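Below, each chain spelled out in residue letters.
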Amino acid sequence: SQTIHQWPATLVQPVGSPLSLECTVEGTSNPNLYWYRQAAGRGLQLLFYSVGIGQISSEVPQNLSASRPQDRQFILSSKKLLLSDSGFYLCAWDGISGNTIYFGEGSWLTVV
Amino acid sequence: LAKTTQPISMDSYEGQEVNITCSHNNIATNDYITWYQQFPSQGPRFIIQGYKTKVTNEVASLFIPADRKSSTLSLPRVSLSDTAVYYCLVGEAGGYNKLIFGAGTRLAVHP
């Protein structure tokens, strides 16, 4: 069966520090991968999606970036965090049907 | 991509049936309708998906009229544990899904 994992689960980072969130999918190959962000009490905002290794599409201009160095690995990064980067970050992948996506456990980021 | 509109919040009581309607006037021929449920501090969880008419599973039913411009998620006999945010999404089959989540409907179930 397919599983998705992301880490770390929570982190507190000072303004201006770098960020790296990692996501891996198991049990499938060539998945579409996504990064979403959810501010407290708000809906989900699509940040990046990837249809293959090295292929990244950005939905929202910001100081975040994403990379896909391997087929089932998706990384969200920042060189210098802003207070507004705080939120709940979710990695997701496409289901076999192509119309359903499955989410990881999420990562809580607090920028102080 | 079809945009969806759904109520911001709803209240219900345990044991009642809850119907949440979503409007998607610009739905395309290839688009499927999918509903997700999200609890606090968790990722959204797939509930049900349909293309037309009615779909039922062990959790919910999904009603889709012939014009497919709206859909209704029906939760039978809700319990306190059904308190969550429910999202309606419309997306195309195949790759490049780029599924866009709206604000969702915050359902509160009361004793």
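Residues numbered from 1 in each chain as written. Chains lettered and ligands numbered in written order. Predicted model: local features only at pLDDT ≥ 70, side-chain atom pairs only at ≥ 80, totals over all residues. Heavy atoms only, no water.

Draft legend 1. A look at unusual backbone geometry. Across the junction of W7(A) and P8(A), the peptide omega takes the value 0°, indicating a cis bond. Considering the arrangement of structural elements, one finds P8(A) in the loop between β1 (3-7) and β2 (10-13). Phi is positive for N30(A), close to 50°, though the residue is something other than glycine. Position of N30(A) among the secondary structure elements: in the loop between β3 (19-26) and β4 (33-38). Non-glycine residue R68(B) carries a positive phi angle of around 60°. Within the fold, R68(B) resides in the loop between β6 (61-64) and β7 (70-75). (Helix = DSSP H or I, 4+ residues; strand = E, 2+ residues; numbered from the N terminus.)

Draft legend 2. The interface of chain B and chain A, seen in detail. Facing the 25 residues of chain B at the interface are 24 residues of chain A. Counting across the chain B and chain A interface gives zero salt bridges. Listed by contribution, the elements that provide at least two residues to the side of chain B that touches chain A are β3 (31-38), β4 (45-50) and β8 (84-92) of chain B. Sort the elements by how many residues they give to the side of chain B that touches chain A and β3(B) lands first, with four residues. Split into classes, the residues belonging to the side of chain B that touches chain A amount to 11 nonpolar, 11 polar and three charged. (Contact = heavy atoms within 4.5 Å. Salt bridge = Lys/Arg side-chain N within 4 Å of Asp/Glu carboxyl O. Nonpolar A, V, L, I, M, F, W, Y, C, P; charged D, E, K, R; others polar.)

Draft legend 3. Molecular detail of the sheet that holds β7(B). All names here are of chain B. Pairing is antiparallel across the open sheet formed by four strands, whose spatial order is β2-β7-β6-β5. Looking at which strands have only one partner, the edges of the open sheet turn out to be β2 (18-23) and β5 (53-56). Taking each pair of neighbouring strands and ignoring which way they run, the sheet shows an average axis angle of 15°. Relative to β6, β5 runs antiparallel, the two being bridged by four bridges. Within β6, the residue paired with V55 across the bridge is L62. (Pairing = 2+ DSSP bridges. Axes fitted to C-alpha atoms, helices over the stretch in contact; angles between N-to-C directions.)

Draft legend 4. Spatial organisation of the confidence of the model for chain A. Per-residue confidence for chain A gives a mean pLDDT of 91, with 96% of residues at or over 70. When mean pLDDT is compared element by element in chain A, strand β8 (residues 73-78) of chain A scores highest at 97, while strand β10 (residues 101-103) of chain A scores lowest at 89. (pLDDT = per-residue confidence, 0-100.)

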